[in-house]
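# Chains, contacts and geometry: an overview
In case you want the letters, here they are:
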Amino acid sequence: MEELAAQNLILWMPVLSAAIGHAIAEVGPDHQRERWLPRIACGETFLALAVTEPERGHNMLRTQTTVRKDGERFLVSGLKAVTSGIDLAERVLVFGRTPGEGKGGAGRHFTTVLVDPDAPGIEREELPMRWREGARQFQLTFNDVEVPLDGLVGAEGQGLLALWSFTQVERLMSAALCLGNARYCVNRALDRATQRTIFGKQPIGAEQAIGHPIAHLHARIAATQLLVYRAAARFDEGADTGEVAAQATMAKVLTADLLFDAADHAMQTLCAQAWDEREGMIDLYLDARAARSAPISQELALNFIAQHVLGLPSHR
Ligand SMILES: Cc1cc2nc3c(=O)[nH]c(=O)nc-3n(C[C@H](O)[C@H](O)[C@H](O)COP(=O)(O)OP(=O)(O)OC[C@H]3O[C@@H](n4cnc5c(N)ncnc54)[C@H](O)[C@@H]3O)c2cc1C
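Below you will find a few notes about this structure. Since we're looking at a predicted model, the values are computed, not measured.

Moving on: the overall build of the protein chain. From N to C terminus, the protein chain includes 8 helices and 8 strands. For the protein chain, whose C-alpha radius of gyration is 21 Å, the value lies close to the compact-globule estimate of 20 Å for 316 residues. The C-alpha extent of the protein chain, read off along each of the three principal axes, is 80 × 40 × 40 Å. Looking at the protein chain as a whole, 43% of its 316 residues are labelled buried. Long-range contacts, defined as pairs at least 24 residues apart, comprise 72% of the intrachain contacts of the protein chain with a sequence gap of at least 6.

A word on the site of the ligand. Among the 21 residues in the neighbourhood of the ligand, the closest are listed as T52, G57, S84, S297 and E299. Secondary structure elements with two or more residues in the shell around the ligand: β1 (47-50), β3 (73-84) and α8 (298-309). In terms of residue class, the shell around the ligand is made up of 9 nonpolar, 9 polar and 3 charged. Here the shell around the ligand spans two domains, since at least three of its residues come from each of domain 1 (2-155) and domain 2 (161-309).

Moving on: the nonpolar core. Counting residues in hydrophobic clusters, the biggest one holds 87 residues, and the most contacted among them are V76, V113 and L259. In terms of residue count, helix α4 (residues 159-195) provides more of this core than any other element does, 17 residues in total. Excluding its chain neighbours within four sequence positions, the residues that come into contact with V76 are T65, V67, V94, G96, V113, V115, F142, V145 and V147.

Structurally, E44 is set in the loop between α3 (30-42) and β1. Considering only alpha carbons, one finds E44 and E90, 46 residues apart in sequence, at a separation of 10.0 Å.

Let's shift gears to the packing of helix α2 (residues 12-27) against α4. Helix-helix packing is characterised by the crossing angle of the two axes and by the distance between the axes. Viewed as axis vectors pointing N to C, α2 and α4 meet at an angle of 145 degrees, and their least axial separation amounts to 8 Å. Both α2 and α4 take part in a crossing whose hand is right-handed. The segment α2 lies against α4, with V15, A18, A19, I20, H22, A23, E26 and V27 engaging L161, A162, S165, F166, V169, E170, M173, S174 and L177. The residue inventory of the contact of α2 with α4, partitioned by class, reads 12 nonpolar, 3 polar and 2 charged.

A word on the environment of T45. By secondary structure assignment, the location of T45 is in the loop between α3 and β1. Using a count of 18 C-beta atoms within 10 Å as the deciding quantity, one classes T45 as partly exposed. Spatially, the C-alpha atom of T45 lies 9.4 Å from that of M13, the residues being 32 residues apart in sequence. The residues touching T45, leaving out its near neighbours within four places in the chain, are S17, R39, I40 and E90.

Cut-offs used in this document
- Residues numbered from 1 in each chain as written.
- Predicted model: local features only at pLDDT ≥ 70, side-chain atom pairs only at ≥ 80, totals over all residues.
- Helix = DSSP H or I, 4+ residues; strand = E, 2+ residues; numbered from the N terminus.
- Rg over C-alpha atoms; globule rule 2.2 N^0.38 Å.
- Buried ≥ 20, exposed ≤ 12 C-beta atoms within 10 Å, placed from the backbone.
- Contact = placed C-beta atoms within 7 Å.
- Near = placed C-beta within 6 Å.
- Nonpolar A, V, L, I, M, F, W, Y, C, P; charged D, E, K, R; others polar.
- Domains from an automatic or database assignment.
- Core = buried A, V, L, I, M, F, W, Y, C linked by C-beta atoms within 7 Å.
- Axes fitted to C-alpha atoms, helices over the stretch in contact; angles between N-to-C directions.
- Left-handed = near helix turned anticlockwise from the far one by under 90°.

Purely spatial values, then, with no claim about function.
Here you go:
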């Protein structure tokens, strides 16, 4: 992901697919591991994710979508916002509430199922988001959509476990993506800074106002890369999931800010040229900004570090 993004190829669907694949690998069942993992690894299939809801935002514990067992099938009902790449996906992992749990059905039991995006009862509405992250974005409505029992990922009522596995990989890979794209931005700025001469005989990179931020970004890339690689190595070594989640979340926060600053200074260095759509800088800038809000916002990621890594209290 880092190297593709360093060539300005922002491919979000492989991130989602790999993260869902990891959830399947962790919580099963076996027939899904056999069916999906080799094809995800080969890049033969994409899987989408439907967690976010228009009225609930980041708070998935307030999910209103229901995944209800009904005889030999599940029925899914609800509304999901900002679902990336449903037009490309073979299945979408839907996170919903298990009805009947807790007071008034407001318990903390959730179920995750893989749903065929073309199943009867699903309506999709494309959102005008200009192909953010290299994918089209959709709002989905589920009207009692039937899912066979073998679509269940993990155990019924244990959907949070599937999302916990998903989250580590999604944050880690999005950090790698941001890191690579920051490198691309620095290279674009460097090209312009060494080629364009306005005053005197030296190109604009000789001006410290242009050159120092590039040097600073280069140093930040070098340092942040160490954290991303360490987090990836600890993940591969099978380290404790709490440790991996902490490092992946820190990497996500640092790389999203790094990418935004790198895109901003690349815009400044290219100046008017950056606003020519053909340069690709405007989309780069918007994607860099989106990385501060998705897949998890900087604030929610910092909440995780504050509360679950540092042990700071929560106001709730
Ligand atoms: C391009 C793009 C693609 C996406 N693709 C998908 C997808 O495929 N599937 C999917 O499920 N979701 C997807 N999302 C949703 C995304 O991952 C976030 O979950 C979603 O943007 C958050 O919901 P919201 O916009 O309603 O923000 P809200 O939850 O309403 O938050 C609004 C702001 O308040 C802040 N905030 C809220 N609560 C707190 C708090 N307790 N402490 C501090 N700050 C707080 C947030 O950080 C944020 O800045 C996508 C989003 C984008 C932008």
